[in-house]
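Structural characterization, general
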Amino acid sequence: MHIKITLAVLVAVALSLLAVAGAQAASFDAAVSWTDNSTNEEGFRIYRNNVMVGTTATNVSSFTDVGLAENTVYCYRVGAVNAAGETQGPETCAATGTVLLPPAAPGSPTIIYIGKP
Amino acid sequence: MRILLALAALLASLPASAASINIGQSQILPDNSSGESPYLNAQHTPVPQACRLLDLNFYVATPRGQMYLGVYANAGGKPGALLAATPIFTSVAGWNKRTLAAPPQLQAGAVWLAFHVSNGNQVMRWAALGQGSVSVNRAFAPLPANFPAQQFPYAFQWSYYGTCETPPSVPPNAAPGAPAIQFAKFGTMRFAWDYGSEPIDGFRLYVGAGSSGCPGGPHMAVPAAQRTATVTHLAWDVTQRAQITAVRGGSESGCSNVAAGKPN
């Protein structure tokens with residue numbers, strides 16, 4: 001009985017979800033993929049702008065890098081690794097998109113002269 | 001000359017095969033050993049370099065009954081935690097080779113190769129070698145996760161070894177290709193709601209493209225005192241629909257009205 005009352009009250013008190021309070025800044029994920037050319041690697045290291053941001057296991061040739069900023073150039077490079085060392089491949093660079101906000105509307109025009117020229 | 005160049009290119013393209021070493025006693029030792037039931041034995045085994053233990057090999061002169069094999073870490077000169085073990089098997093005459101399902105990575109130093117036999121009439125081979133072994137009185141059963149503390153030492157070791165794969169000696173033989181990059185854009189949305197003062201456990205905020213999923217779908221739990229929530233990683237420029245419910249004691253209210261918007 002108590003549960004029924006509780007449910008009734010909860011349903012009766014209508015939850016009012018307000019309109020979205022406002023969109024925030026965009027972020028980007030990068031899906032990075034490469035060709036596995038080696039036969040004796042034990043995994044891969046993924047570098048973004050020469051800083052290692054992740055690793056994958058043997059024969060796994062894709063990686064998702066998250067939380068990137070807009071309007072920024074990111075350069076990726078992948079290294080094949082095993083216990084004896086690392087062999088790096090070439091670098092690829094790409095830019096995240098730009099969000100162009102419309103400019104603020106100008107104020108209402110003011111009539112400053114009426115008459116014959 | 002052309003043949004030599006082709007041969008050199010072929011050799012360069014071959015994968016660098018990992019080498020392997022034997023750890024333990026891989027020779028057939030001279031003396032017979034029996035009466036090893038009901039004992040769990042482990043023999044001290046040096047590991048000269050880091051390697052991955054692939055299999056265990058135990059020599060039986062006269063097989064009787066069943067066996068377990070395993071390897072224990074070295075803990076202060078005694079066997080410690082179990083690193084890998086074989087399922088039970090029926091022994092045969094000669095080398096009993098068992099491949100490890102989960103080969104453990106060994107560091108340079110030492111491990112303890114362990115075995116347990118079900119029948120004391122099984123005849124094995126041993127000799128007084130190395131740093132000997134330790135033994136505990138224990139009924140025949142799968143090897144314990146930690147080697148029992150009540151051990152007594154033997155000066156002997158059995159014909160028992162493991163094959164350990166050493167790391168490749170050359171780095172990866174080809175560089176990965178240039179990466180392809182595909183960006184996906186995400187946005188963050190902030191939601192706000194009203195609710196009275198009735199005590200509740202919290203809210204459930206449902207957000208999804210097409211449908212909010214309310215009720216029953218994936219949701220974000222929000223504390224009762226909160227009246228706003230921020231949801232991140234929403235697909236950019238895709239209309240998101242949100243609904244919210246109140247929760248108390250495992251009961252959930254009906255869904256609120258739908259709030260829709262795009263993170264753009």
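Everything numeric here is computed off the predicted structure, so don't read it as measured data. (Residues numbered from 1 in each chain as written. Chains lettered and ligands numbered in written order. Predicted model: local features only at pLDDT ≥ 70, side-chain atom pairs only at ≥ 80, totals over all residues. Heavy atoms only, no water.)

Judged by nonpolar contacts, the single largest core of 23 residues is most densely connected at Leu-53, Phe-58, Met-67, Leu-69, Leu-106, Phe-115 and Tyr-160 of chain B. Those elements that provide at least two residues to this core are strand 4 (51-62), strand 5 (66-75), strand 10 (109-117), strand 11 (123-137) and strand 13 (160-165) of chain B. With five residues, strand 4 of chain B is the single largest residue contributor to this core. Counting 15 residues, the second-largest nonpolar core is a separate cluster that includes Ala-30, Trp-34, Phe-44 and Val-78 of chain A. (Core = buried A, V, L, I, M, F, W, Y, C linked by side-chain atoms within 4.5 Å. Buried < 20%, exposed > 50% of the residue type's maximum accessible area, 1.4 Å probe, protein only. Helix = DSSP H or I, 4+ residues; strand = E, 2+ residues; numbered from the N terminus.)

Looking now at the packing of aromatic side chains. Residues and elements named next belong to chain B. Using the criterion set out here, one finds 19 aromatic pairs over all chains in the structure. Residues Tyr-39 and Phe-152 carry aromatic rings whose centres are separated by 6.3 Å and whose planes lie at 85 degrees to one another, so their mutual orientation is edge-to-face. Of this pair, Tyr-39 sits in strand 3 (residues 39-47) while Phe-152 sits in strand 12 (residues 152-158), and the two are 113 residues apart along the sequence. Residue classification places Tyr-39 among the partly exposed positions, given a relative accessible area of 23%. For Phe-152, a relative accessible area of 35% translates into the label partly exposed. Measuring from ring centre to ring centre gives 5.0 Å for Phe-58 and Tyr-160, while their planes differ by 65 degrees; the resulting arrangement is edge-to-face. Linking Phe-58 in strand 4 with Tyr-160 in strand 13, this pair joins segments that are 102 residues apart in sequence. Residue Phe-58 is classed as buried on the basis of its relative accessible area of 0%. By relative accessible area, which is 0% here, Tyr-160 ends up buried. Among the aromatic residues, those joined into a cluster by ring pairs are Tyr-39, Phe-58, Phe-115, Trp-126, Phe-152, Tyr-154, Phe-156, Trp-158 and Tyr-160. (Phe/Tyr/Trp six-rings, centres within 6.5 Å; stacked < 30°, edge-to-face > 60°.)

Taken as a whole and assessed by the stated rule, the structure comprises eight salt bridges over all chains. The shortest N-O distance in the salt bridge between Arg-45 of chain A and Glu-86 of chain A comes to 2.8 Å. A residue pair is termed long-range when its members are at least 10 positions apart, and Arg-45 of chain A in strand 4 (residues 43-48) and Glu-86 of chain A in strand 8 (residues 85-88) qualify at 41 residues. Residue classification places Glu-86 of chain A among the partly exposed residues on the basis of a relative accessible area of 26%. With a shortest N-O distance of 2.9 Å, Glu-165 of chain B and Arg-52 of chain B are connected by a salt bridge. In this pair, Glu-165 of chain B sits in strand 13 while Arg-52 of chain B sits in strand 4, placing the two residues 113 residues apart along the sequence. Classification of Glu-165 of chain B as partly exposed rests on a relative accessible area of 24%. (Salt bridge = Lys/Arg side-chain N within 4 Å of Asp/Glu carboxyl O.)

Moving on to unusual backbone geometry. All names here are of chain B. Across the junction of Ser-37 and Pro-38, the peptide omega takes the value 10 degrees, indicating a cis bond. Within the secondary structure, Pro-38 sits in the loop between strand 2 (31-33) and strand 3. The omega torsion across Cys-214 and Pro-215 is -5 degrees, close enough to zero to call that bond cis. By the secondary structure assignment, Pro-215 is in the loop between strand 15 (202-209) and strand 16 (220-223).

Residues and elements named next belong to chain B. Scored by pLDDT, chain B comes out at a mean of 89, with 93% of its residues at no less than 70. Here residues 1-16 scores under 50 on pLDDT; set against residues more than four positions off or in separate chains, the count is six contacts. Complex prediction metrics read pTM 0.53 and ipTM 0.71. (pLDDT = per-residue confidence, 0-100. Contact = heavy atoms within 4.5 Å.)

A common measure of how large an interface is: the accessible area buried when the components associate. Each partner contributes residues to the interface: chain B has 56 residues there, and chain A has 58 residues. Between chain B and chain A, a total of about 4400 Å² is buried, with carbon and sulfur atoms accounting for 64% of that surface. Taken as a group, Pro-172, Pro-176 and Phe-183 of chain B account for 16% of the area that chain B buries against chain A, more than any other trio of residues on that side. Here chain B and chain A share 13 residue pairs in polar contact (both at pLDDT 80 or more) between them. Counting residues per element, the ones that place at least two in the side of chain B that touches chain A are strand 14 (180-194), strand 15, strand 18 (240-248), strand 19 (251-252) and strand 20 (259-261) of chain B. Within the side of chain B that touches chain A, the residues separate by chemical class into 32 nonpolar, 17 polar and seven charged. Taken together, the seven bridges between strand 3 (residues 27-33) of chain A and strand 14 of chain B define a ladder with antiparallel strand orientation. From the neighbouring strand, Phe-28 of chain A faces strand 14 of chain B, where its bridge partner is Lys-185 of chain B. (Buried area = accessible area lost by both parts, 1.4 Å probe. Polar contact = N/O pair within 3.5 Å; in protein donor to acceptor, adjacent residues only side chain to side chain. Nonpolar A, V, L, I, M, F, W, Y, C, P; charged D, E, K, R; others polar. Pairing = 2+ DSSP bridges.)

Another aspect to go through is the pairing of strand 14 of chain B. Alignment of strand 14 of chain B against strand 17 (residues 228-235) of chain B, held across six bridges, turns out to be antiparallel. Along strand 17 of chain B, the bridge assignment pairs Met-189 of chain B with Val-231 of chain B.

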